[in-house]
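Working through the structure, step by step
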Amino acid sequence: WIALIAFLAYWDSQSLFGGNWVYDDAGSVLKNVVVIGKVPFVDVFYRDFWGTTMKEITSHKSFRPLTTMTFRFNYMFNEYIWGSDHALDIGTYKVVNVVLHSVTSLLVTEAAGIVFASSSSSSSTTNTGTTTTTTTTTIIAQLVSSLLFAIHPIHAEVVSNVTSRGEMLMSIFSLMAFLSFATSLRNNNNNNKKPSSWLGIYVVPWFCMACSLFSKEQGATTLITLVFWDFGRQYTSIPHYLTNELWQKRSPAAIAFLRRTIALAVQTLLVVAFRWWLNGETSPDFIEDQNPAGFAADPFTRMFSRSWVYCLYIKDIVWPNALCCDWSGQSIDLIRDASDERIYGVLALWAFTAWILSLWIVPPPQPTSPSTSSSRKD
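Given the structure is predicted, the values throughout are model-derived calculations rather than measurements. (Residues numbered from 1 in each chain as written. Predicted model: local features only at pLDDT ≥ 70, side-chain atom pairs only at ≥ 80, totals over all residues. Heavy atoms only, no water.)

The next subject is the overall build of the protein chain. A count of helical and extended segments in the protein chain gives 15 helices and 0 strands. A burial count over the protein chain gives 40% of its 378 residues as buried. Taking as baseline every contact in the protein chain between residues at least 6 positions apart, the subset at least 24 positions apart corresponds to 69%. In the structure as shown, the protein chain presents an accessible area of about 22000 Å², 65% of it carried by carbon and sulfur atoms. (Helix = DSSP H or I, 4+ residues; strand = E, 2+ residues; numbered from the N terminus. Buried < 20%, exposed > 50% of the residue type's maximum accessible area, 1.4 Å probe, protein only. Contact = heavy atoms within 4.5 Å. Areas by Shrake-Rupley, 256 points an atom, 1.4 Å probe, with all protein chains shown as cover.)

As structure tokens, this is what we get:
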């Protein structure tokens, strides 16, 4: 039902079939030689997201072959059904985006169920040792959070912008990795030594992480998020885990978590190293118009302006009154001096982040039990 609601929320026939291509769509679709069939299909593995060969010095180095493939399939579908003159009609491209958003919302619903169930302390166990169904509170939390995700206006920036399809594909593969990882841990009672658990804990998430990365670069964080969730569902702080669970008790669960973390870290490094090799072992060359805050000469301006972007993310989640297909260029004013009132928002964000980190770094106070004294009877 959440997937259907997400589909209906973003289904607007007038904007879908009467809308226009915008901004980056020109480079990612309209003029992309892979999408419009000017080069062999196999070139998708040798060219960046904008159709330039990765070896060229002018390449943007945004290697997203899976996203480009979907654009090419869109083009081929339109060409086959309506002819080459309508191969770039935007309607079907946007319909695919709406469908992908529906799939993402469905996966978010499943993931939310696992997250809230694992954090719930009200689960009971039957005599046979099997966990009972999650409580009503957990189910409500799952549905409310997934419904907010499905219909939140901020996702219009992604769903309505054809170029942003990579973000949905990236999210789909990352969520699939999480579902495989979490389900396998639950089914194998947190034991990652069983051969039956290797597929779901290591192989499938690794494959999904690679697919997520080759949909959009932020997919490289997929396995890292699994480690954070795996830690947060079991332990209250890093010192508590290291000193109590791992060093003193040497609990099997703590050792198994350490093994999983090392394995996922190695897997991440291998894929990221391969991605770096594809770049020619060089960083992408951006221009100032793409990231004015990053190019600011003044360290104060650069530091506060970058942080302000994250404040805007939070603001848009709470009050998405201003949306845009692209926020590059001069769309966000830089913070140039201390007289700018936006610095208070940045300072609040830093303080909040420091507080969250302290919850994991500083061990919680240990409860003290009152001393008991015994009296002798003569």
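Still more to cover.
Our next topic: the packing of helix H1 (residues 2-9) against helix H6 (residues 136-151). At a closest axis distance of 8 Å, the pairing of H1 and H6 adopts a crossing angle of 25°. Looking at the two axes, H1 sits roughly parallel to H6. Between H1 and H6 lies a crossing of right-handed hand. Mapping the contact onto sequence places Ile2, Ile5, Ala6 and Ala9 in H1 and Leu143, Ser146, Leu147, Ala150 and Ile151 in H6. A class-by-class count of the residues in the contact of H1 with H6 yields 8 nonpolar, 1 polar and no charged. (Axes fitted to C-alpha atoms, helices over the stretch in contact; angles between N-to-C directions. Parallel < 35°, antiparallel > 145°, perpendicular 65-115°, else oblique. Left-handed = near helix turned anticlockwise from the far one by under 90°. Nonpolar A, V, L, I, M, F, W, Y, C, P; charged D, E, K, R; others polar.)

The next subject is the packing of helix H11 (residues 238-248) against helix H12 (residues 252-278). Following both chains from N to C, one finds H11 and H12 inclined at 120°, their axes separated by 8 Å at the closest point. In terms of orientation, H11 lies oblique with respect to H12. Along the contact surface, H11 presents Tyr241, Glu245 and Leu246, while H12 presents Ala254, Ile255, Phe257 and Leu258. Of the residues that constitute the contact of H11 with H12, the class distribution is 6 nonpolar, no polar and 1 charged.

This part takes up the packing of aromatic side chains. If you walk through the whole model with that rule in mind, you get 17 aromatic pairs. Look at Phe49 and Trp50: their rings are 4.9 Å apart centre to centre, the planes differ by 75°, and that puts the pair in the edge-to-face class. For Phe49, a relative accessible area of 0% translates into the label buried. A relative accessible area of 22% means that Trp50 is categorised as partly exposed. Ring geometry for Phe63 against Phe214: centres 5.6 Å apart, planes inclined by 85°, an arrangement best described as edge-to-face. With Phe63 in the loop between helix H3 (25-30) and helix H4 (65-82) and Phe214 in the loop between helix H9 (195-213) and helix H10 (222-232), the pair connects residues that are 151 residues apart, well separated along the chain. Of the aromatic side chains, those joined through ring pairs into one cluster are Phe63, Phe214, Phe274 and Trp277. One residue, Arg64, lies across the ring of Phe49, its end atom 4.7 Å from the ring centre. (Phe/Tyr/Trp six-rings, centres within 6.5 Å; stacked < 30°, edge-to-face > 60°. Lys NZ or Arg CZ within 6 Å of the ring centre and 35° of its normal.)

The next subject is the pattern of salt bridges. Here the structure, examined in full by the defined rule, presents 8 salt bridges. A salt bridge links Asp230 to Arg233, with the nearest nitrogen and oxygen atoms 3.0 Å apart. For Asp230, a relative accessible area of 1% translates into the label buried. We classify Arg233 as partly exposed; its relative accessible area is 25%. (Salt bridge = Lys/Arg side-chain N within 4 Å of Asp/Glu carboxyl O.)

Once that is clear, we can look at the nonpolar core. Counting 35 residues, the largest nonpolar core has Phe178, Phe181, Trp229, Tyr241 and Leu264 as its most contacted members. Mapped by element, the contributors of at least two residues to this core are helix H5 (90-119), helix H7 (156-159), helix H8 (165-187), H9, H10, H11 and H12. Element by element, the count of residues in this core is highest for H8, at 9 residues. Listed in part, the 10 residues of the second largest apolar core include Val29, Val35, Ile36 and Tyr75. (Core = buried A, V, L, I, M, F, W, Y, C linked by side-chain atoms within 4.5 Å.)

Glancing now at a nonpolar patch on the surface. Nonpolar side chains collect at one region of the surface, where Tyr310, Tyr313, Ile314, Ile317, Val318 and Trp319 lie side by side and expose about 730 Å² of accessible area between them. With respect to the helices, strands and loops of the structure, Val318 is situated in helix H14 (residues 299-318). Among the residues examined, Val318 registers a relative accessible area of 65% and is labelled exposed. (Patch = residues over 30% accessible without salt bridge, like charges linked within 9 Å, V, L, I, M, F, W, Y side chains within 5 Å.)

With that out of the way, let us pick up H4. Taking 1.5 Å per residue as the helical rise, H4 with its 18 residues ought to reach 26 Å, and the 25 Å between its terminal C-alpha atoms agrees with that figure. Directly beyond the C-terminal end of H4, a positive phi value near 100° is found at Gly83. (Expected span 1.5 Å × (residues − 1).)

Before going further, it helps to examine H11. Of all the positions in H11, only His240, Tyr241, Asn244, Glu245 and Leu246 are classed as buried. The buried residues of H11 occupy one face: seen down the axis, they fall within an arc of 160°. Residues Trp247 and Gln248 are exposed on H11 and point more than 90 degrees away from its buried face. Taken together, the buried residues of H11 touch H10 and H12. (Arc of directions from axis to C-beta.)

As for its position among the elements, Arg275 is in helix H12. Beyond its immediate chain neighbours, meaning those up to four positions away, Arg275 contacts Met54, Lys61, Ser62, Phe63, Leu213, Phe214 and Glu217.

So, about the side chain of Gln267. Within the secondary structure layout, Gln267 lies in helix H12. On the accessibility criterion, Gln267 (9% relative accessible area) is buried.

Our next topic: the confidence of the model for the protein chain. Of the residues in the protein chain, 84% reach a pLDDT of 70 or more, and the chain-wide mean stands at 82. Averaged pLDDT values for the elements of the protein chain fall to 64 in helix H2 (residues 13-18) and rise to 93 in H8. In this model, residues 121-132 is a region of pLDDT below 50 whose contacts with residues beyond four sequence positions or in other chains number 7 contacts. Segment residues 371-378 is flagged for pLDDT under 50; beyond a separation of four residues in sequence, or across chains, it makes 0 contacts in the model. (pLDDT = per-residue confidence, 0-100.)

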